[in-house]
Amino acid sequence: MKFFIDTADTDAIRRFAAMGLLDGVTTNPSLIAKTGRSREEVIVEVCDLVDGPVSAEVVAVERQAMVDEGLALAEIHPNVTVKVPLIPDGLAACREMTASNVKVNVTLCFSPVQALLAAKAGATFISPFIGRLDDLGQDGLELVADIREIYDNYGLETELLVASIRSTAHVRYAAKLGADVVTVPPKIMDQLIHHPLTDTGLKQFLADHEAQQ
Ligand code: G3P
């Protein structure tokens, strides 16, 4: 399973990239806005930090405007993946950009049939937002399982990229369900790495070593 990081914070990206953990990066307009920097400036820097797909999202909502904006984003770097929302114009823009060999991540997916349509439109990635479904009392991981089954039934090659991850359990179950990619916020990346027994074990080893000197 590939690990993307879900942030536009370049310090965090640098930190986890140095550990060799990152296969790609996802951003969205909310994450870019938090940085106070322009989307283009952030994407250029991110593409230098990570050698893998970097999702940059369009803010247009009409097909031609999405395509124009997406193609301009794709010009920034060969690793840029254009993110479009799962609306009718987004699917049309996805089909058009895919035909021009631009990779597209279809985002804001909340149902299995939406994911099926994104695959038919040629999406490189589909992004189900599981945490936001859990927030409504629904089961985000059930959506992941349904998409996996549907894509496998028909040999669809769109990669299942699990997004809106809120916990280490989300990562664990996404892996068990056969997700192709998880995009993980920095806070959850840290939680994945740390374990209290690792910390107490190391403390004890170092204390024993010190006592022997
Ligand atoms: O990048 C999109 C997605 O991961 C957003 O997550 O936490 O805002 O629902 P969240």
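It should be emphasised that the depicted structure is a prediction, and the values quoted were computed from it without experimental measurement.

Asks: Looking at this structure, how should I read the pattern of salt bridges?
Replies: When their charged atoms lie close together, side chains carrying opposite charge are able to pair. According to the stated counting rule, one finds 13 salt bridges in the structure shown. A salt bridge links Arg14 to Asp11; the shortest N-O distance between them is 3.1 Å. A residue pair is termed a helical-turn pair when its members lie 3 or 4 positions apart in one helix, as Arg14 and Asp11 do in helix H1 (residues 10–18) at three residues. Overall, the relative accessible area of 39% leaves Arg14 in the partly exposed class. Using a relative accessible area of 55% as the deciding quantity, one classes Asp11 as exposed. Between Glu41 and Arg37 there is a salt bridge, and its shortest N-O distance comes to 3.4 Å. Given the relative accessible area of 43%, Glu41 is considered partly exposed. For Arg37, a relative accessible area of 25% puts it in the partly exposed group. Linked through salt bridges whose partners overlap, the residues forming this network are Asp11, Arg14, Arg37, Glu41 and Glu45.

Asks: What am I meant to see in the site of the ligand here?
Replies: As a structural note, the neighbourhood of the ligand is formed by Asp6, Asn28, Lys83, Phe129, Arg132, Ala163, Ser164 and Arg166. At a separation of 3.3 Å, an oxygen atom of the ligand approaches a polar side-chain atom of Asn28. Between the ligand and Arg166 there is a distance of 2.7 Å, counted from an oxygen atom to a side-chain nitrogen or oxygen. For the ligand, the accessible surface in isolation is 310 Å², of which the surrounding protein chains cover 83%. Taking a 2 Å distance to the grid points as the criterion, the majority of the atoms of the ligand fall inside the largest pocket.

What counts and how
- Residues numbered from 1 in each chain as written.
- Predicted model: local features only at pLDDT ≥ 70, side-chain atom pairs only at ≥ 80, totals over all residues.
- Heavy atoms only, no water.
- Salt bridge = Lys/Arg side-chain N within 4 Å of Asp/Glu carboxyl O.
- Helix = DSSP H or I, 4+ residues; strand = E, 2+ residues; numbered from the N terminus.
- Buried < 20%, exposed > 50% of the residue type's maximum accessible area, 1.4 Å probe, protein only.
- Near = heavy atom within 4 Å.
- Polar contact = N/O pair within 3.5 Å; in protein donor to acceptor, adjacent residues only side chain to side chain.
- Areas by Shrake-Rupley, 256 points an atom, 1.4 Å probe, with all protein chains shown as cover.
- 1 Å grid on protein atoms, 1.4 Å probe; cavity = no way out; pocket = protein on both sides within 12 Å on 5 of 7 lines; lining within 4 Å.
- Sits in = over half its atoms within 2 Å of the grid points.

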